[in-house]
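Secondary and tertiary structure notes
The chain contents come next:
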Amino acid sequence: MADPTSPTSRPAAAPAAAGDLPQSRHLATELPGPRSRALMDRKTSAVASGVGTTVPVFAVRAGGGVVEDVDGNRLVDLGSGIAVTTVGASHPAVVAAVQEQVAAFTHTCFMVTPYEPYVAVAEKLNEVTPGDHAKKTALFSSGAEAVENAVKIARHATGRDAVVVFDHAYHGRTNLTMAMTAKAMPYKSGFGPFAGEVYRAPTSYPFRDPQGMTGEQAAQRAVRVIEAQVGADQVACVVIEPVQGEGGFIEPAPGFLPALAAWCRENGALFVADEVQTGVARTGDWFACDHEGVVPDLVVVAKGVAGGMPLSAVTGRAELVDAVHTGGLGGTYGGNPVACAAALAALEAVETDGLLQRARDVEVLVKGRLHALAERDPRVGDVRGRGAMLAVELVGEDGTTPAPALAAGVAAAAKAQGVIVLTCGTAGNVLRFLPPLSISDELLHDAFDVLDAAFAATSASTR
Ligand SMILES: *Cc1c(COP(=O)(O)O)cnc(C)c1O
């Protein structure tokens, strides 16, 4: 291995393949270890400090449910690189597909000389996204880029300008998607002015809404805001995460999404599902909208779709997507052939590996652990989520005041013991669990044993 303390050292030529990575947690050094600390010094000198890192260890291999670092530590992965490596970080079929494609060609640009894998990914997404109407797909590279393109399509198809988003929404970090994202710090503060014609409505948040409020009532509350403050005939699209991600893994009350989709239909606005985090088996269905049979006009897909390679998509009703003139959509890298090859393998793995069922099994195991924890520990105010997208919201003694310091303390204690756990929520008081579906039950139990101990060790004073 190259000496990480030397600023001129290069990464080791070829790290070992992840196929034989032992599937167990292992602490060879304190965390972070000496090599990671040396690399972090170089990062601090060389990398923009605006780019933060959650876990200060440098990875060399990842696969199954484990991330191995430069010091030989093996961490249990409850983050999947933020819901990306759903099929696993080194799925053998994805590795083989990437190797084959990269040896044939890395890029021609689909807008110059097209290639079959792009078309095949479009066909597959047209098939697996909700609804059996005629669909078309365009490919991009990042989630934010796809969200922007969904808005472009919606505006072009409707001839309207207004975009409705929700409290606690997260849609990305580009100028338009910053405007659509709710949380100021760290996503928006100091980065304005933001794109116009973006309006925010209240979401359905069962843990914090008035007791007994139904999904339909929460939708009416949102519709009242939209009709009064935007005007129904001005709305190009309503963009919503069917389970909110960065905003706190907020699952709306049943009936909320169907009622909003119905309002869109009646008022000529497009219902756009941002399934960047929820899509492709993460919630135990192909898409989170499937849970209530909601059929969006446009679906935005990214994160989990390509086994870790950068790829995103907008899939939707053919006549809406095709409202845009030729040349109006695209990008140099959109639908890169290596990323498309990875996506074809990952999408196939969802079926061959039985990952929809695996996500549901993960939900049963993890929710069992989390409900048991909540029973013992009143600081766990809410247990929620679906499939392998689960969370606990942490609160103070009154049972409602957000407890972000507690969330940070528990996450830090878990990370020190080699479990990668992420926080989220507008108030930063939610611990979220997004394991790769390639993780074993044994590793999940080990990780939640560590988490239980982290809760016990983190004092009430960090509420
Ligand atoms: C991560 C995320 C995005 C942005 O995706 P990037 O690839 O980071 O641009 C958009 N929407 C949702 C719901 C996300 O979780």
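All figures in this text were calculated on a predicted structure; none of them were measured in a lab. (Residues numbered from 1 in each chain as written. Predicted model: local features only at pLDDT ≥ 70, side-chain atom pairs only at ≥ 80, totals over all residues. Heavy atoms only, no water.)

Some details on the domain arrangement of the protein
Examined at the domain level, the protein breaks down into domain 1 (18–90 + 355–462) and domain 2 (94–352). Distance between the C-alpha centres of domain 1 and domain 2: 26 Å. Contact residues are listed per partner, giving 40 residues for domain 1 and 34 residues for domain 2. A combined buried area of about 3000 Å² lies between domain 1 and domain 2, and 57% of that area is made up of carbon and sulfur atoms. (Domains from an automatic or database assignment. Contact = heavy atoms within 4.5 Å. Buried area = accessible area lost by both parts, 1.4 Å probe.)

Some words on the packing of aromatic side chains
Applying the stated criterion across every chain, the model contains seven aromatic pairs. Ring geometry for F105 and Y115: centres 5.7 Å apart, planes at 65°, overall edge-to-face. With a gap of 10 residues between them, F105 in the loop between helix 3 (92–104) and helix 4 (116–128) and Y115 in the loop between helix 3 and helix 4 connect regions that are remote in the sequence. Residue classification places F105 among the partly exposed positions, given a relative accessible area of 28%. With a relative accessible area of 7%, Y115 lands in the buried category. These aromatic residues form a ring-pair network of at least three members: F105, F110, Y115 and Y118. Seen from the ring of F194, K188 lies directly overhead, with NZ or CZ sitting 5.2 Å from the centre. (Phe/Tyr/Trp six-rings, centres within 6.5 Å; stacked < 30°, edge-to-face > 60°. Helix = DSSP H or I, 4+ residues; strand = E, 2+ residues; numbered from the N terminus. Buried < 20%, exposed > 50% of the residue type's maximum accessible area, 1.4 Å probe, protein only. Lys NZ or Arg CZ within 6 Å of the ring centre and 35° of its normal.)

Observations regarding the pairing of strand 8 (residues 270–274)
Of all five residues that make up strand 8, five are buried, and the element is covered over most of its length. Residues of strand 8 alternate between two faces, with L270, V272 and D274 on one and F271 and A273 on the opposite face, all of them buried. By the bridge criterion, four bridges tie strand 7 (residues 235–240) to strand 8 in an arrangement that is parallel. For V238, the partnering residue across the bridge sits in strand 8 and is F271. You can see the chain leave strand 7, run along helix 8 (residues 256–267) and come back into strand 8, and the turn it takes is right-handed. (Pairing = 2+ DSSP bridges. Right-handed = clockwise from strand over helix to strand, strands pointing away.)

Some words on helix 3
Taking 1.5 Å per residue as the helical rise, helix 3 with its 13 residues ought to reach 18 Å, and the 19 Å between its terminal C-alpha atoms agrees with that figure. Among all positions in helix 3, only V94, V98 and Q101 are buried. Seen end-on, helix 3 carries its buried residues on one side only, within an arc spanning 75°. Facing away from the buried side of helix 3 by more than 90 degrees, the exposed set consists of P92, Q99, E100, A103 and A104. (Expected span 1.5 Å × (residues − 1). Arc of directions from axis to C-beta.)

A word on the sheet that holds strand 2 (residues 66–69)
Read from one edge to the other, the open sheet built from four strands follows the order 1-2-3-13, with strand pairing classed as mixed. Each having just a single partner strand, strand 1 (59–63) and strand 13 (419–420) make up the two edges of the open sheet. Packed onto the sheet, helix 13 (residues 441–457) meets strand 2, strand 3 (74–77) and strand 13 and runs at close to 95° relative to strand 3. (Axes fitted to C-alpha atoms, helices over the stretch in contact; angles between N-to-C directions.)

Points about the nonpolar core
Counting 66 residues, the largest nonpolar core has L78, L311, L394, L431 and F433 as the members making the most contacts within it. No other element matches helix 10 (residues 337–352), which puts 10 residues into this core. Each of domain 1 (18–90 + 355–462) and domain 2 (94–352) accounts for three or more of the residues forming this core. Once residues lying within four places of it in the same chain are set aside, the contact partners of L311 are V121, L139, F140, S141, A302, V305, A306, G335, N336, A339, C340 and A343. (Core = buried A, V, L, I, M, F, W, Y, C linked by side-chain atoms within 4.5 Å.)

Quick notes on the site of the ligand
Around the ligand lies a shell formed by S142, G143, A144, Y170, H171, E241, D274, V276, Q277 and K303. The separation between an oxygen atom of the ligand and a polar main-chain atom of A144 is 2.8 Å. One nitrogen or oxygen atom from the side chain of K303 is found 2.6 Å from an oxygen atom belonging to the ligand. Surface burial for the ligand is 82%, taken as the share of its 380 Å² of free accessible area covered by protein chains. (Near = heavy atom within 4 Å. Polar contact = N/O pair within 3.5 Å; in protein donor to acceptor, adjacent residues only side chain to side chain. Areas by Shrake-Rupley, 256 points an atom, 1.4 Å probe, with all protein chains shown as cover.)

Examining the sheet that holds strand 12 (residues 389–394)
Pairing is antiparallel across the open sheet formed by four strands, whose spatial order is 11-12-15-14. One side of each edge strand has no neighbouring strand; the edge strands of this open sheet are strand 11 (380–386) and strand 14 (422–424). Adjacent strand axes in the sheet meet at a mean angle of 25°, parallel and antiparallel pairs treated alike. The sheet contact formed by strand 14 and strand 15 (residues 430–433) spans three bridges and is antiparallel. Residue pairing across strands places T423 opposite L431, the latter belonging to strand 15. Sheet strands touched by helix 12 (residues 404–416): strand 12, strand 14 and strand 15. Its angle to strand 15, the strand with the most contacts, is close to 40°.

A word on the side chain of E393
Structurally, E393 can be placed in strand 12. Given the relative accessible area of 1%, E393 is considered buried.

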